[in-house]
Amino acid sequence: MSYNLLKGKKGIIFGALDEKSIAWKVARRAWEEGARFTLTNTEASIRFGSIADLAEETGSLVIPADATCLEDLENLVLKSMEHLGGKVDFILHSVAMSLNVRKKRDYNDLDYDYLNKTLDISAISFHKLLQTARKLDAINDWGSVVALSYIAAQRTLFGYNDMADAKALLESIARSFGYIYGREKKIRINTVSQSPTPTTAGSGIRDLAGLMDFTERMSPLGNATADECADYCITLFSDLTRKVTMQNLYHDGGFSSMGMSARAMHTYEKGLDCRNSGG
Ligand SMILES: NC(=O)c1ccc[n+]([C@@H]2O[C@H](COP(=O)([O-])OP(=O)(O)OC[C@H]3O[C@@H](n4cnc5c(N)ncnc54)[C@H](O)[C@@H]3O)[C@@H](O)[C@H]2O)c1
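Computed from a predicted structure; not experimentally measured.

Undergrad: So, the sheet that holds strand β1 (residues 10-14): which residues are in play, and what are the values?
TA: Pairing is parallel across the open sheet formed by seven strands, whose spatial order is β3-β2-β1-β4-β5-β6-β7. Only two strands of the sheet have a single neighbouring strand rather than two, namely β3 (61-62) and β7 (248-251). Seen against the sheet, helix α7 (residues 163-185) touches β4 (88-93), β5 (139-149), β6 (188-194) and β7 and runs at an angle of roughly 170° to β5.

Have a look at this one:
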């Protein structure tokens, strides 16, 4: 259902790789709500993914950019403004990658070149994007920028590895830049901390299916899907949330406030019974 929440708004959406991507769902919903936007991803992801289909569906221009490269970001922002006919109103940063996770390096055996890449791609790219946009004066007053995060920034979760450090830095950048951009231009900057979600990046998390089962049992509302995450991002891009900034907003069915639920306890006890009976 469309509420015309983004009617007349313009944006830039990072990170749509394929139909499972959270950014893909956000782009679809933004289009349904009346927005126009450019799409961006790395050259490799554009080649191997299916972003061209999304561009066709939503009538959007795809502009390649490596989110860690300042030249690419400048080109992206300038071309987006040229194509859309002026400054943008919203930006989605939906970008993450860890070579330590990909190459199965444990947190106590990190490759530090990989760690630098993890931080650059998954967190510092957010600062680079904001700094570039500010220097080019590319975001309208009362605009909104959202980056996607995960609760491993606050709590230790088995197997999330150096991405936890990247998410902590990402959330800090949202607060620090949110102050500057808010004071100067009333632009708000928030992170959305999403439930585990079966996407390409999500499948890098160790035993994603087991984790999702656990968080589903722990969360009173159940896991939040990628489509539901898109709905939430749309509200943050809309004019209905103009005084929300510098926040890390949990979109996780209540998981972040739970300690133990009856459903999770029941499953844990069944496992204990099994172990005690030698099963
Ligand atoms: N899937 C989950 O469980 C989950 C949970 C919470 C938060 N998130 C976050 O959501 C965001 C989107 O991930 P997703 O789950 O939709 O997976 P995804 O794999 O579909 O998206 C990740 C995107 O990052 C892009 N990317 C990687 N390196 C890049 C670079 N150098 N420059 C530009 N783009 C680059 C990829 O091409 C891809 O499109 C990420 O920040 C992720 O950490 C995911």
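Moving on, there is more to tell.
Undergrad: Describe the nonpolar core, naming the residues involved and giving the relevant values.
TA: Grouped together as the largest cluster of nonpolar side chains are 30 residues, with contacts concentrated most on Phe14 and Phe126. Elements that contribute at least two residues to this core include exactly β1, α4 (70-84), β4, α6 (112-135), β5 and α7. Among the elements that line this core, the one with the most residues is α6, at six residues. With 28 residues, the next largest nonpolar core counts Ile13, Trp24, Val146 and Leu249 among its residues.

Undergrad: Tell me about the site of the ligand, and name the residues and values.
TA: Within the structure, the ligand sits among 27 residues, and Ser21, Asn41, Ser45, Thr197 and Thr199 are positioned closest to it. A distance of 2.9 Å separates a nitrogen atom of the ligand from a polar atom in the backbone of Ala67. The separation between an oxygen atom of the ligand and a polar main-chain atom of Ala201 is 2.9 Å. Calculation on the ligand without its partners gives an accessible area of 820 Å², and the protein chains cover 95% of this total. A per-class count over the shell around the ligand returns 12 nonpolar, 13 polar and two charged.

Undergrad: Go over the packing of aromatic side chains, please, and point to the residues and values.
TA: Inspection of every chain in the model, using the stated rule, returns four aromatic pairs. Between the aromatic rings of Tyr150 and Tyr160, the centroid separation amounts to 4.7 Å while the plane-to-plane angle is 45°, which identifies the pairing as tilted. Taken together, the residues Tyr150 in the loop between β5 and α7 and Tyr160 in the loop between β5 and α7 connect sequence positions 10 residues apart. With respect to class, Tyr150 is no different from Tyr160; both count as buried. Look at Phe214 and Phe255: their rings are 6.2 Å apart centre to centre, the planes differ by 80°, and that puts the pair in the edge-to-face class. Of this pair, Phe214 sits in helix α8 (residues 208-218) while Phe255 sits in the loop between β7 and α10 (262-276), and the two are 41 residues apart along the sequence.

Undergrad: For the packing of helix α1 (residues 22-32) against helix α3 (residues 51-58), give the residues involved together with the corresponding values.
TA: The interhelical angle for the contact between α1 and α3, taken along N-to-C directions, is 10°, at an axis separation of 10 Å. Considering the angle they form, α1 stands roughly parallel to α3. Note on element contacts: α3 touches α1 through Ile51, Asp53, Leu54, Glu57 and Thr58, opposite Trp24, Ala27, Arg28 and Trp31.

Undergrad: Explain the pattern of salt bridges residue by residue, including any values.
TA: This structure, assessed with the given rule, holds 16 salt bridges. With a closest N to O distance of 3.0 Å, Glu33 and Arg29 form a salt bridge. In this structure, Asp141 and Lys185 form a salt bridge, with 3.3 Å as the shortest nitrogen-oxygen distance. A residue pair is termed long-range when its members are at least 10 positions apart, and Asp141 in strand β5 and Lys185 in helix α7 qualify at 44 residues. We classify Lys185 as buried; its relative accessible area is 17%. Connected through shared salt-bridge partners, Arg29, Glu32, Glu33 and Asp231 make up one network.

The rules behind the values
- Residues numbered from 1 in each chain as written.
- Predicted model: local features only at pLDDT ≥ 70, side-chain atom pairs only at ≥ 80, totals over all residues.
- Heavy atoms only, no water.
- Pairing = 2+ DSSP bridges.
- Helix = DSSP H or I, 4+ residues; strand = E, 2+ residues; numbered from the N terminus.
- Contact = heavy atoms within 4.5 Å.
- Axes fitted to C-alpha atoms, helices over the stretch in contact; angles between N-to-C directions.
- Core = buried A, V, L, I, M, F, W, Y, C linked by side-chain atoms within 4.5 Å.
- Buried < 20%, exposed > 50% of the residue type's maximum accessible area, 1.4 Å probe, protein only.
- Near = heavy atom within 4 Å.
- Polar contact = N/O pair within 3.5 Å; in protein donor to acceptor, adjacent residues only side chain to side chain.
- Areas by Shrake-Rupley, 256 points an atom, 1.4 Å probe, with all protein chains shown as cover.
- Nonpolar A, V, L, I, M, F, W, Y, C, P; charged D, E, K, R; others polar.
- Phe/Tyr/Trp six-rings, centres within 6.5 Å; stacked < 30°, edge-to-face > 60°.
- Parallel < 35°, antiparallel > 145°, perpendicular 65-115°, else oblique.
- Salt bridge = Lys/Arg side-chain N within 4 Å of Asp/Glu carboxyl O.

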